[in-house]
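Residue-level listing of the chains:
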Amino acid sequence: MGNTNTLTKSTKRKAVDMAIVIENQEIQEAIRLKAYEIYLERNGTAGDEVEDWVIAERMVLKKFT
């Protein structure tokens, strides 16, 4: 009986972990897209991709907090 309860907790934990991974992937994709938009706003000219990423990250994470 204790085994079933442990399996249930383990299964629930895995589901929570997977939800976190999926949300993180969605956030990363949103940041990638926003950084690309910033790049396009510069008409595709070379710039600082790290700065684009940081700006995009701030913008996207604001929406999630």
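Scroll up for the structure.
Here's what I pulled together on the structure shown here. (Residues numbered from 1 in each chain as written. Predicted model: local features only at pLDDT ≥ 70, side-chain atom pairs only at ≥ 80, totals over all residues. Heavy atoms only, no water.)

1. Structural notes on the nonpolar core
What counts is decided by this rule: Put simply, buried Ala, Val, Leu, Ile, Met, Phe, Trp, Tyr and Cys residues joined by side-chain atoms within 4.5 Å make one nonpolar core. Only protein chains enter the area calculation, which uses a 1.4 Å probe; residues under 20% of their type maximum are buried, those over 50% are exposed, and those in between are partly exposed. Here a strand is any run of E in DSSP of at least two residues, a helix any run of H or I of at least four, and the numbering for each starts at the N terminus. By the convention used here, residues are in contact when the closest approach between their heavy atoms is within 4.5 Å.
Listed in full, the six residues of the largest apolar core are I27, I31, A35, I38, A56 and V60. Contributions of two or more residues to this core are made by α1 (2-41) and α2 (49-64). The element contributing the most residues to this core is α1, with four residues. Ignoring anything within four residues of it in the chain, the contact list for I38 reads D52, I55, A56 and M59.

2. Brief notes about the side chain of D52
Selection criterion: As used in this structure description, the phrase polar contact means that two N or O atoms lie within 3.5 Å; if the pair is within protein, one of them must be able to donate a hydrogen and the other to accept it, and residues adjacent in sequence are counted only when both atoms belong to side chains.
By the element assignment, D52 lies in helix α2. For D52, a relative accessible area of 7% gives the class buried. Separated by 2.7 Å, the side chains of D52 and R42 make a polar contact.

Interpretation note: all reported values are geometric properties and have no functional meaning in isolation.
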